[in-house]
Amino acid sequence: MRKFLLRILMIPQFILLVLFVLIRYIPSLSPSEYQIMGVLGLLTPLLAIINIVFFVFWVFTKKYVLAGIAVAGIFIAWNVLCVCFGFNFFKQNHLKKSANEFTVMSYNVRLLDLYDWTGDKDNRKKMLAFLKKKSPDVLCLQEFYTKAGTGLDNIKAIQKVGGYPYAETCAIKRHKNREWGSVIFSKYPIVKSTNVIINEEDKNLIQEAIIKRKDEEFQIYNVHLHSNKLSPGEIAWKKGGDPLTTAQRALQKSKSVYTKLMRAYKQRGEEANLSAFVIEENTNYPTIVCGDFNDLPSSYSYFNIRGDMNDAFLERGKGLGPTYNGRVSFLRIDYLFYDSKVRLKAFEKFNVPYSDHFPLMGKFEL
């Protein structure tokens with residue numbers, strides 16, 4: 001019986017090995033053409049954990065050949081797995097600046113809680129107080145909302161609390177005096193600002209700004225890729241009811257989630273291609289790229305947009321570094337990249353509850 005069970009368990013171990021071979025090619029296979037690669041990227045951290053469990057089991061049962069196969073799987077897919085975890089447990093991060101340094105923050109502010117998702121009527125004030133306290137030199141916001149000439153004029157409010165004389169918006173939607181989209185605030189002059197369409201259907205754009213600091217200029221990209229658009233009801237699991245009804249509900253929900261994921265991965269693949277093209281075309285300045293990619297590090301979007309740039313989290317962060325403040329709270333989907341013309345001096349993620357994302361902040365030197 002014991003031998004039979006061991007032979008049965010060998011099957012998923014070999015399946016894992018095949019999946020890790022596929023995972024290795026995530027950086028080069030766009031989900032706009034191979035949508036299943038997007039889902040495989042989403043499952044990569046879970047598959048890695050399962051593989052580690054198998055490795056421990058094989059060692060415990062003295063099946064060292066099978067333990068070697070588990071190790072081989074990790075080795076094969078290491079090019080993807082290595083970006084999922086930060087090992088900088090002993091590096092110090094001090095965001096206090098010297099004269100030659102500046103700070104950049106990226107934050108998906110979820111419309112500054114326009115529709116009262118948090119249930120806290122003072123949440124917008126708390127978010128503004130947080131931005132005032134941290135006061136980054138350059139502030140890149142996604143899912144931004146403002147209503148000019150009213151108490152919800154968030155451009156004027158943030159300019160006031162943060163001391164930002166310069167602001168450039170990237171609106172994906174306008175209606176009368178209201179705007180939805182992204183924005184870059186800066187304490188330094190914004191020499192040029194360009195908004196580039198990366199998804200005509202959903203009007204997704206990336207924002208490019210050239211900023212002059214003293215006698216030097218650098219460029220920054222504010223990126224927001226397509227969301228999975230999963231509703232809270234699709235993520236939550238309801239208990240109760242008879243088994244047949246529960247199974248039917250779960251099947252219907254799974255089909256809906258799968259369809260939305262396939263559509264989202266296809267669109268993000270296309271957006272990532274265009275974003276990477278825009279960034280690679282403009283290499284005359286030191287470059288910083290930040291934003292909400294709505295994708296894990298084990299994704300085509302991550303690898304394609306990052307290119308040869310450094311990931312601030314991998315250089316200075318630790319653990320999984322989750323940036324999503326939602327039901328699935330271990331996801332790292334917000335990023336801060338920089339090229340070789342920029343030096344990272346410190347990095348921090350702030351676990352503040354004001355949005356469904358956590359802000360990232362880096363201290364840089366040109």
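Residues numbered from 1 in each chain as written. Predicted model: local features only at pLDDT ≥ 70, side-chain atom pairs only at ≥ 80, totals over all residues. Heavy atoms only, no water.

(A) The overall build of the protein chain, seen in detail. Helix and strand counts for the protein chain come out as 11 helices and 14 strands. The C-alpha radius of gyration computed for the protein chain amounts to 22 Å, which stays within 12% of the reference 21 Å derived for 366 residues, consistent with globular compactness. Taking the principal axes of its C-alpha atoms as reference, the protein chain extends roughly 75 × 50 × 35 Å. Counting every position in the protein chain, which comprises 366 residues, the buried fraction comes to 49%. As displayed, the protein chain has an accessible area near 18600 Å², and 59% of this comes from carbon and sulfur atoms. Charged side chains in the protein chain number 50 positive and 34 negative. The centres of these two groups are separated by 8 Å. (Helix = DSSP H or I, 4+ residues; strand = E, 2+ residues; numbered from the N terminus. Rg over C-alpha atoms; globule rule 2.2 N^0.38 Å. Buried < 20%, exposed > 50% of the residue type's maximum accessible area, 1.4 Å probe, protein only. Areas by Shrake-Rupley, 256 points an atom, 1.4 Å probe, with all protein chains shown as cover. Lys, Arg positive; Asp, Glu negative; His and termini not counted. Charge placed at Lys NZ, Arg CZ, Asp CG, Glu CD.)

(B) Geometry of the side chain of Ser32. Looking at the secondary structure, you find Ser32 in the loop between helix H1 (2-23) and helix H2 (36-60). On the basis of relative accessible area, Ser32 is assigned to the buried category, the value being 15%. In terms of polar contacts, Ser32 uses its side chain to reach the side chain of Ser30, at 2.6 Å. Once residues within four sequence positions are removed from consideration, Ser32 is found in contact with Tyr265, Lys266, Gly269, Glu270 and Asn273. (Polar contact = N/O pair within 3.5 Å; in protein donor to acceptor, adjacent residues only side chain to side chain. Contact = heavy atoms within 4.5 Å.)

(C) Representation of the pattern of salt bridges within the structure. Under the definition given, this model contains 12 salt bridges. Between Lys363 and Glu101 there is a salt bridge, with the nearest N and O atoms lying 3.7 Å from each other. With Lys363 in strand E14 (residues 360-365) and Glu101 in strand E2 (residues 101-108), the pair connects residues that are 262 residues apart, well separated along the chain. A network of salt bridges, in which partner residues are shared, links Glu101, Arg343, Lys345, Lys363 and Glu365. (Salt bridge = Lys/Arg side-chain N within 4 Å of Asp/Glu carboxyl O.)

(D) Quick peek at a nonpolar patch on the surface. Residues Trp78, Phe85, Phe87, Phe89, Phe90, Leu320 and Phe330 make up a contiguous nonpolar surface patch of about 830 Å² in total accessible area. A residue is classified by how much of its surface remains accessible, and Phe90, at 77% relative accessible area, is exposed. (Patch = residues over 30% accessible without salt bridge, like charges linked within 9 Å, V, L, I, M, F, W, Y side chains within 5 Å.)

(E) Looking closely at the sheet that holds strand E10 (residues 310-311). The sheet built from six strands is open, its strands ordered E6-E7-E8-E9-E12-E10 with mixed pairing. If you trace the sheet from one side to the other, it starts and ends with strand E6 (190-199) and E10, each paired once. (Pairing = 2+ DSSP bridges.)

(F) Just H2, in detail. For H2, with 25 residues, the first-to-last C-alpha span of 34 Å sits near the 36 Å given by 1.5 Å per residue. Largest kink in H2: about 50 degrees, centred on Leu43, with the proline Pro45 one to four residues after it. Residues of H2 that are buried: Met37, Gly38, Val39, Leu40, Gly41, Thr44, Leu47, Ala48, Asn51, Phe54 and Trp58. (Expected span 1.5 Å × (residues − 1). Bend = angle between axes of the 7 residues up to and from the residue.)

(G) Region of the structure containing empty space enclosed by the protein. Scanning the entire structure with this criterion turns up four cavities of 30 Å³ or more. As a volume, the largest cavity reaches approximately 50 Å³. Forming the boundary of the largest cavity are Ile26, Leu29, Pro31, Met37, Gly38, Tyr265, Asp295, Ser299, Tyr300 and Ser301. Contributions of two or more residues to the lining of the largest cavity are made by H2 and helix H10 (300-306). For the lining of the largest cavity, the per-class residue count stands at six nonpolar, three polar and one charged. (1 Å grid on protein atoms, 1.4 Å probe; cavity = no way out; pocket = protein on both sides within 12 Å on 5 of 7 lines; lining within 4 Å. Points joined across faces, edges and corners; volume = space filled by probe spheres on them. Nonpolar A, V, L, I, M, F, W, Y, C, P; charged D, E, K, R; others polar.)

(H) Structural context of the pairing of strand E8 (residues 216-224). With respect to burial, E8 is a largely interior element, seven of its nine residues being buried. Pairing analysis gives seven bridges linking strand E7 (residues 204-213) to E8, with the strands arranged antiparallel. Within the sheet, the bridge partner assigned to Ile210 lies in E8 and is Gln219. Between E7 and E8, which follow one another and run antiparallel, lie two residues, and Lys214 among them has a positive phi close to 55 degrees.

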